[in-house]
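# Summary of the model geometry
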Amino acid sequence: MDKSWHDMGGDPAGPVIPAEHDFALWEKRVDALFMLTTAKGLFTVDALRRVLEDMGPEAFETMTYYERWITAVNRNLIEAGVYSTAELAAKIAEVKARGADYGTASLGGGDG
Amino acid sequence: MAERVRVRAWGSHGLHVRTPHYLRGRTGVIERCLGPFPNPEKLAYRLPAEAQTLYRVRFTMAELWGPSAENPDDTVDAEIYAHWLEPADAP
Amino acid sequence: MPHDHPDHGGISPSGHPYRPDQDGPLTEAQALEIAVRELLIEKGIVTAGEIAAAIARMDARSPAVGARIVARAWTDPAFKARLLADGSAAAREMGADIDALKLVVVENTPDTHNAIVCTLCSCYPRTLLGLPPDWYKSREYRSRMVREPRRVLAEFGLHLPPNVRVRVHDSTADMRYIVLPARPAGTEGWSEEQLAAIVTRDCMIGVAVPRLPG
């Protein structure tokens, strides 16, 4: 009876660190993109979780929550045929060419 | 569905399932029936999903963790889909 | 759109007021978010207005919404009965914007304490309470809450006597949960607004109980 890394109930672990943070705009946008694309029927939360699980424990330990989410949203949108890997690569190059920080790389300068 | 149920001790084989490992093979009591929900094991792979009846099942800490239970009478409730449950007296 | 962080009076290299969440070096994940967002807009799947509206909707969701519901349940026995029978319907009755949330409300009593976890991911009643705190999504909380909840609760400063039974609720599927805390003694005659002020997010997750100020 195999156990996947994400299936953590009962595992030994250290003290709970009561950490929290205010969400950054880019994190809220990731959340909004997930809410909107699933509401429009492109995929479901189950498919988001499937990708997050398949990303493995390394991603869980080294990436933040919304870093993992945007990766999983993107993979589901590719699976749904919304855009191609070539379109994505061209768009990322365009974004990075705009500037070296989030505000300038985002059209309209973030939330201004 | 019987009042006392056992969670099937199936493997997950790296697939997306919503039955936690720590509950598999464990016996509990149905706390309530929640009605039909689309099977997440299909939705995860973008497939048409049949409805599965979903139950809330209550387990004692003694059943889950044996003599090492922190307090044997404390409980865990979890939602389990019907295809992962069998009557507790099944062979 | 509202700013989440006060600016620090400085000017970033790009010439606008410094924003710590926008003026660090662009990360791969941020670049991916921008790219995905713009592709979705260009393909006509979402609009910038829909994204802004979704963020505003999420920002409007906070533990204060849940606290109002708890305070109503404390003062109106008929509402409390409806809340325990059908949490979603009762939350909508209070005007909460909960989408398709399927809410189960579990009640603390003198001999029972409830607490919520999701061991498989981090399911949380986000459309009622807002986004979850980081610790709720941590390996430590998710792993230990179903095995040694009393030790975990003690780390939060909640020491439960042995005669109080702990019921942990693992959000494994389609339901989401909040705890209806017990109304503390000494709050007789308080208004709903006064009562709501002592109901924190952590009380509704079940890692705390309401305390009187002072």
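Residues numbered from 1 in each chain as written. Chains lettered and ligands numbered in written order. Predicted model: local features only at pLDDT ≥ 70, side-chain atom pairs only at ≥ 80, totals over all residues. Heavy atoms only, no water.

### Section: the sheet that holds strand β2 (residues 27–38) of chain B
- With respect to topology, seven strands assemble into an open sheet ordered β5(B)-β1(B)-β2(B)-β3(B)-β4(B)-β3(C)-β2(C), the strand pairing being mixed. Of all strands in the sheet, those bounded by a partner on one side alone are β5 (85–87) of chain B together with β2 (112–117) of chain C. Strand-to-strand twist across the sheet, computed as the mean angle between neighbouring axes with direction ignored, equals 35 degrees.
- Where strand β1 (residues 4–7) of chain B and β2(B) come together, three bridges link them in antiparallel fashion. The residue of β2(B) that forms the bridge with Arg6(B) is Thr27(B). (Pairing = 2+ DSSP bridges. Helix = DSSP H or I, 4+ residues; strand = E, 2+ residues; numbered from the N terminus. Axes fitted to C-alpha atoms, helices over the stretch in contact; angles between N-to-C directions.)

### Some words on the interface of chain C and chain B
- Taken together, the contact between chain C and chain B spans 27 residues of the former and 24 residues of the latter.
- Surface buried jointly by chain C and chain B totals about 2200 Å² across both partners, of which 46% is contributed by carbon and sulfur atoms.
- At the surface where chain C touches chain B, the tally comes to two salt bridges.
- Across the pair Asp74(B) and Arg150(C) runs a salt bridge, and its minimum N-O distance is 2.7 Å.
- Our enumeration of links across chain C and chain B arrives at 21 residue pairs in polar contact (both at pLDDT 80 or more).
- Contributions of two or more residues to the side of chain C that touches chain B are made by α8 (149–155) and β3 (165–170) of chain C. (Contact = heavy atoms within 4.5 Å. Buried area = accessible area lost by both parts, 1.4 Å probe. Salt bridge = Lys/Arg side-chain N within 4 Å of Asp/Glu carboxyl O. Polar contact = N/O pair within 3.5 Å; in protein donor to acceptor, adjacent residues only side chain to side chain.)

### Focus: empty space enclosed by the protein
- This model, assessed by the stated rule, comprises one cavity of 30 Å³ or more.
- Quantified by volume, the largest cavity comes out at close to 40 Å³.
- Looking at the largest cavity, the residues that line it are Ser4(A), His6(A), Asp7(A), Ser12(B), Leu15(B), Val17(B), Thr19(B), Arg24(B) and Leu120(C). (1 Å grid on protein atoms, 1.4 Å probe; cavity = no way out; pocket = protein on both sides within 12 Å on 5 of 7 lines; lining within 4 Å. Points joined across faces, edges and corners; volume = space filled by probe spheres on them.)

### Regarding the layout of surface pockets
- Taken as a whole, the second largest pocket spans an internal volume of roughly 480 Å³.
- Elements with a contribution of two residues or more to the lining of the second largest pocket: α1 (25–39) of chain A together with α2 (48–60) and α10 (201–205) of chain C.
- It is α2(C) that contributes the most residues to the lining of the second largest pocket, four residues altogether.
- Among the residues forming the lining of the second largest pocket, the class breakdown is eleven nonpolar, four polar and ten charged.
- When residues are assigned to domains, the lining of the second largest pocket turns out to be shared by domain 1 (1–60) and domain 2 (62–205) of chain C, each giving three or more. (Nonpolar A, V, L, I, M, F, W, Y, C, P; charged D, E, K, R; others polar. Domains from an automatic or database assignment.)

### Some details on the interface of chain A and chain C
- Residue-level contacts link 65 residues of chain A with 63 residues of chain C.
- At the junction of chain A with chain C, the criterion picks out 25 residue pairs in polar contact (both at pLDDT 80 or more).
- Of all the secondary structure elements, the ones that give two or more residues to the side of chain A that touches chain C are α1, α2 (45–62), α3 (65–79), α4 (85–98) and α5 (102–105) of chain A.

### Focus: helix α1 (residues 28–42) of chain C
- Helix length check: α1(C), at 15 residues, gives a terminal C-alpha distance of 21 Å against a target of 21 Å (1.5 Å per residue), a fit within 8%.
- Where burial is concerned, most of α1(C) is hidden: twelve out of the 15 residues are buried.
- Regarding α1(C), the residues found buried are Ala29(C), Gln30(C), Ala31(C), Leu32(C), Glu33(C), Ile34(C), Ala35(C), Val36(C), Arg37(C), Glu38(C), Leu39(C) and Leu40(C).
- Where α1(C) is buried, its residues meet α1, α3, α4 and α5 of chain A together with α2 of chain C.
- Positive phi appears at Gly44(C), one or two residues downstream of α1(C), with a value of about 75 degrees. (Expected span 1.5 Å × (residues − 1). Buried < 20%, exposed > 50% of the residue type's maximum accessible area, 1.4 Å probe, protein only.)

That's the geometry; what it means functionally is another story.
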